[in-house]
Amino acid sequence: KVSAALLAFELALQTSLPLQKELSVLKKVTKDDPVLDAVLSTLPPAVDEGVPTLSELQVRFPTVQAAAREAAFVPESSPGMLGHLFGSVLAAVTIKPRGLVEGGGADEVLARAAYHVERGDLAGAVVELENVGGLVGKTVKSWLGDAKGRLVVEQAVRAMNARSALLNASMV
């Protein structure tokens with residue numbers, strides 16, 4: 001029962017559709033196992049509504065990166081409309097770094113995050129973006145939260161698969 005419910009949950013995770021049904025079944029069949037119950041309790045509440053897939057996060061990131069680059073160029077002394085216009089112009093006329101560039105500026109951090117995202121390394125992108133603050137941090141916040149949610153769910157699935165394998169092996 002656990003293996004079947006876990007498989008259904010994993011299949012549903014391949015989309016970003018709501019997971020209420022699969023999660024409910026999984027909780028029902030794992031209620032007597034404290035390990036699986038503990039793992040399920042680590043899932044973010046947003047999992048009920050669905051978790052963006054890796055490909056969805058990859059598609060979204062260039063837009064987030066562009067907006068964050070513009071935010072990085074907004075002068076702190078002029079955060080209003082004029083400052084945003086200035087940031088947009090500067091972002092458009094400066095060369096955007098690419099790849100694993102060195103440096104601690106927002107542009108370099110965003111370039112490294114993009115590098116990781118393009119390669120499917122959400123954990124690497126999250127590490128890069130976690131310490132970005134200010135307007136840039138606010139700009140990437142939603143994407144970062146979704147990426148962290150995806151990572152938590154994937155880690156939980158790995159843990160539940162390991163536990164399920166142990167339960168199946170003990171039945172043999």
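Residues numbered from 1 in each chain as written. Predicted model: local features only at pLDDT ≥ 70, side-chain atom pairs only at ≥ 80, totals over all residues. Heavy atoms only, no water.

Novice: I keep staring at the packing of helix H6 (residues 106-118) against helix H7 (residues 122-129) and nothing clicks. Help me out?
Specialist: As a packed pair, H6 and H7 sit with axes 7 Å apart at the nearest point and diverge in direction by 165 degrees. Compared by their axis directions, H6 and H7 come out roughly antiparallel. H6 and H7 meet at a crossing whose hand is left-handed. In this structure, H6 contributes Val109, Leu110, Arg112, Ala113, His116 and Val117 to the contact, and H7 contributes Gly124, Ala125, Glu128 and Leu129. (Axes fitted to C-alpha atoms, helices over the stretch in contact; angles between N-to-C directions. Helix = DSSP H or I, 4+ residues; strand = E, 2+ residues; numbered from the N terminus. Parallel < 35°, antiparallel > 145°, perpendicular 65-115°, else oblique. Left-handed = near helix turned anticlockwise from the far one by under 90°. Contact = heavy atoms within 4.5 Å.)

Novice: Teacher, can you tell me more about the pattern of salt bridges here?
Specialist: Where charged atoms of side chains with opposite charge meet at close range, the side chains can pair. In the structure shown here, the tally under the stated rule is 7 salt bridges. Glu128 serves as the salt-bridge partner of Arg112, at 2.9 Å between the closest nitrogen and oxygen. Of this pair, Arg112 sits in helix H6 while Glu128 is found in helix H7, placing the two residues 16 residues apart along the sequence. (Salt bridge = Lys/Arg side-chain N within 4 Å of Asp/Glu carboxyl O.)

Novice: Can you walk me through the nonpolar core in this structure?
Specialist: The nonpolar side chains of a soluble globular protein tend to be buried with one another. Counting 20 residues, the largest nonpolar core has Phe61, Leu129, Trp143 and Ala147 as the members making the most contacts within it. For this core, the secondary-structure elements that each account for two or more residues are helix H4 (54-72), H6, H7 and helix H8 (134-170). By size, the runner-up hydrophobic cluster in this structure holds 19 residues, among which are Val2, Leu13, Leu26 and Leu43. (Core = buried A, V, L, I, M, F, W, Y, C linked by side-chain atoms within 4.5 Å. Buried < 20%, exposed > 50% of the residue type's maximum accessible area, 1.4 Å probe, protein only.)

Novice: I'm lost on the environment of Asn168 in this one. Help?
Specialist: With respect to the secondary-structure elements, Asn168 resides in helix H8. With 50 residues separating them in the primary sequence, Asn168 and Glu118 have C-alpha atoms 37 Å apart.

Novice: Would you explain the environment of Tyr115 in this entry?
Specialist: With respect to the element layout, Tyr115 can be found in helix H6. Through-space distance from the C-alpha of Tyr115 to that of Met81 is 31 Å; in sequence the pair is 34 residues apart. In this structure Tyr115 touches Gly99 and Leu100, once residues within four positions along its chain are discounted.

Novice: I would appreciate a short explanation of the environment of Val47 in the present structure.
Specialist: By the element assignment, Val47 lies in the loop between helix H3 (34-41) and H4. Distance in space between the C-alpha atoms of Val47 and Val152 is 10.0 Å, their sequence separation being 105 residues. Other than its neighbours up to four places away in sequence, Val47 contacts Phe9, Leu19, Leu23 and Val153.

Novice: What should I look at first to understand the side chain of Gln65 in this one?
Specialist: Structurally, Gln65 can be placed in helix H4. The exposure class assigned to Gln65 is buried, which follows from its relative accessible area of 7%. Once you skip the residues sitting within four places of it in the chain, Gln65 turns out to touch Lys96, Leu110, Ala111 and Ala114.

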